Amino acid sequence: MDCSPEEDTDISESEMDEYGDKTYEALKNGNHHVKNSDETFTCPYCPKKKKRDYLYKELLQHASGVGNSSSDKRSAKEKANHLALVKYLEKDLAGPSKPVSENDPPVGCDHDEKLVWPWTGIVVNIPTRQTEEGRYVGESGSKLRDELKSRGFNPTRVHPLWNFRGHSGSAVVEFRKDWPGLNNAMSFERAYEADHHGKKDWYANNDQKSGLYAWVARADDYNSTGIIGDHLQKIGDVRTISEIMEEEARKQGKLVSNLKNLIETKNKVLKEMEERCSQTSVSLSNIVEEKDKLLQAYNEEIKKIQLSARDHFQRIFNDHEKLKLLVESQKSELETRGVELEKREARNESERKKLAEDIEKNAIRNSSLQLASLEQQKADVNVMKLAEDQKHMGDDGDVEVLEKVDALLKQLREKEGELEDLEALNQTLIVKERKSNDELQEARKELINELKEMASRAHIGVKRMGELDSKPFHDAMKRKYNEEDAEDRASELCSLWEEYLKDPDWHPFKVIMVDGKHQQVIDGEDEKLNDLRNELGDGVYNAVTTALMEINEYNPSGRCIIPELWNYKEGRRATLAEGAMFILKQWQVAKRKRGMS
């Protein structure tokens, strides 16, 4: 049935349990409508609230926040109804698929209550003793921290409070700044309350107190006078869970919006550059193809010129041979006539005179022929030289062919100029692409910086590449020393090896061939690493070699720790898109939580 408005009458605080039991029975009997479907639920006691559809976890947080609220605006009947709804959800509607994640705000506390942030606990009545000098001393913070860790509260630090007399018998317990840290803090408080050693028990006027008393620091502790209030005001401020959730939602929303716009802009620029690169590639292909065609045409023309020059030389040689034969024939004929004239010399004087004239004429003609023969020999030399020149340079007389060659060479130079222009354009695009990649790297750094401030154990986060894992050192020292000495020894050894990792002169690597490629691996014969393995075991050795490989991959020259966007689920470097999608999901979850209350 649909829920009805609250009645005007209210109940007292003492009647809340009885009223809540009746409300719980009404819910069990189906008198109120809670479940809309397998996935969505509604609150029957908030009919005027704009948000009517809740996921199971959201409705559980809403009901718990109202039921445990300390605000005067919430009536006792309203709180009792919502506490009964929490009981009904946990006992009758809870399933294996609806657990409350430790990464969510606690469901058992008031979201409007002012707490000290970062989450802080207070421990009082710590045993102290007076020394001979008159000062008071007590147990160390690390010992109390280890005791609380063993009980599952996971504090990050326990800070004893000291004054001019020494140990004050009080300490503050610091927890992580995230929701798991608040869950640990509330578990810490509930454990001491269950043992009647909570805040109310400490301030109750009864018998003498014994043992430790502890609780979560709130606004009254923050504003109190004394050593506890002074310390809380130095280390934090007072905030509500709702305020922190709203601040996270705002930051995540702004980050998601900025990253989304940045990615859209970069994708648009990359798409334009890809299109221009594609066009440039097509143009380059066309230019290369045209250049090949011009080169082929040039080679064919050169071949034609060489054939034409060879034919021209052959014609000159043939004409020269014909002229040489004609000169030899005329020379032979003149020699024959000279012999005949000498025979006729004795015939008579008149004939001798005529013969002398003929001989003189014949001598003149013979001299001319000798000169012609010499000129012919010179011509033979010039012809042979011309033939050699024609073999290499072509026919100087074939002007038309040479003009074609000049035209082809001119076109080829013009095409080569166009090719150089296109190559310059391609180089410009490459520079722009590198600039775009640099901007994407800046976006990746911004995403890493934002994720550093978000405490989350999700599969996307920031991993410090090259950071030395201290746990194997602690484990190795615990096998040799007691608890306190082991912690000190482990810290010293860990610090020492961190300095070794930063030493650029220590390079325990060797190069091997893997699948035909050179690859750097840890040198198994390195003396320092072998001594480490023999002394402290494989756990510490593996921690050091893992940090070495990460440093060698991410910052081999600087030898310092580099934060990296990391996909913990797949054990690899996360992409920028994966990081943005993770932030977007976190923002959507925070948005749903904001609409819950």
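Structure's up top.
Computed from a predicted structure; not experimentally measured.

A. Layout of a negative patch on the surface. The grouping of Glu-483, Glu-484, Asp-485, Asp-488 and Glu-492 at the surface amounts to a negative patch. Following the sequence through the fold, Glu-492 ends up in helix α13 (residues 483–502). Judged by relative accessible area, Glu-492 falls into the exposed class, the value being 54%.

B. Up close: the environment of Lys-471. Assignment of secondary structure puts Lys-471 in helix α12 (residues 471–478). With a relative accessible area of 51%, Lys-471 lands in the exposed category. Distance in space between the C-alpha atoms of Lys-471 and Ala-490 is 8.7 Å, their sequence separation being 19 residues.

C. Expanded view of α12. Where α12 is concerned, the buried positions are Pro-472, Phe-473, Ala-476 and Met-477. Each buried residue of α12 lies within a common arc of 130 degrees when the element is viewed along its axis, so the set occupies one face. Along its buried surface, α12 packs onto α13, α14 (527–536) and α15 (538–554).

D. Region of the structure containing the sheet that holds strand β15 (residues 572–573). Overall, antiparallel pairing links the 3 strands, which are arranged β11-β14-β15 in an open sheet. Two strands lie at the open edges of the sheet, namely β11 (460–465) and β15, each paired on one side alone. This element, α15, spans β11, β14 (562–567) and β15 of the sheet and lies at about 95 degrees to β11.

E. The side chain of Arg-218, seen in detail. In this fold, Arg-218 is placed in the loop between β9 (213–216) and α7 (219–222). You can call Arg-218 buried: its relative accessible area is 14%. Looking at Arg-218, its side chain comes within polar contact range of the side chain of Glu-189, at 2.6 Å. Leave out the neighbours within four places in its chain, and Arg-218 touches Glu-113, Lys-114, Leu-115, Val-116, Met-186 and Glu-189.

F. Representation of helix α2 (residues 56–67) in the model. Taking 1.5 Å as the rise per residue, α2 with 12 residues should run 16 Å; its terminal C-alpha atoms sit 16 Å apart, in good agreement. Buried residues dominate α2, accounting for 11 of its 12 residues. Within α2, the full set of buried residues consists of Tyr-56, Glu-58, Leu-59, Leu-60, Gln-61, His-62, Ala-63, Ser-64, Gly-65, Val-66 and Gly-67. Residues of α2 that are buried sit in contact with β1 (40–41), β2 (54–55), α3 (76–93) and α16 (576–594).

G. Spatial organisation of the nonpolar core. Counting residues in each nonpolar core, the largest one holds 23 residues, and the members touching the most others are Trp-119, Leu-148 and Phe-188. Only α4 (141–150), β8 (166–174), α5 (179–194), β9 and α9 (241–343) provide two or more residues apiece to this core. For this core, the element with the highest residue contribution is α5, accounting for 7 residues. In terms of nonpolar packing, the next biggest core, distinct from the first, is built from 22 residues, Ala-476, Ala-490, Ala-547 and Leu-548 among them.

H. How the structure looks around the packing of aromatic side chains. In the structure shown here, the tally under the stated rule is 10 aromatic pairs. Three or more aromatic residues link up through ring pairs in this structure, and these residues are Phe-153, Phe-175, Phe-188 and Tyr-192. We note Lys-463 situated over the ring of Trp-566; from NZ or CZ to the ring centre the distance is 4.5 Å. The lysine or arginine in question, Lys-528, covers the ring of Tyr-500, its NZ or CZ lying 4.1 Å from the ring centre.

Cut-off values and rules
- Residues numbered from 1 in each chain as written.
- Predicted model: local features only at pLDDT ≥ 70, side-chain atom pairs only at ≥ 80, totals over all residues.
- Heavy atoms only, no water.
- Patch = residues over 30% accessible without salt bridge, like charges linked within 9 Å, V, L, I, M, F, W, Y side chains within 5 Å.
- Areas by Shrake-Rupley, 256 points an atom, 1.4 Å probe, with all protein chains shown as cover.
- Salt bridge = Lys/Arg side-chain N within 4 Å of Asp/Glu carboxyl O.
- Lys, Arg positive; Asp, Glu negative; His and termini not counted.
- Charge placed at Lys NZ, Arg CZ, Asp CG, Glu CD.
- Helix = DSSP H or I, 4+ residues; strand = E, 2+ residues; numbered from the N terminus.
- Buried < 20%, exposed > 50% of the residue type's maximum accessible area, 1.4 Å probe, protein only.
- Arc of directions from axis to C-beta.
- Contact = heavy atoms within 4.5 Å.
- Pairing = 2+ DSSP bridges.
- Axes fitted to C-alpha atoms, helices over the stretch in contact; angles between N-to-C directions.
- Polar contact = N/O pair within 3.5 Å; in protein donor to acceptor, adjacent residues only side chain to side chain.
- Expected span 1.5 Å × (residues − 1).
- Core = buried A, V, L, I, M, F, W, Y, C linked by side-chain atoms within 4.5 Å.
- Phe/Tyr/Trp six-rings, centres within 6.5 Å; stacked < 30°, edge-to-face > 60°.
- Lys NZ or Arg CZ within 6 Å of the ring centre and 35° of its normal.

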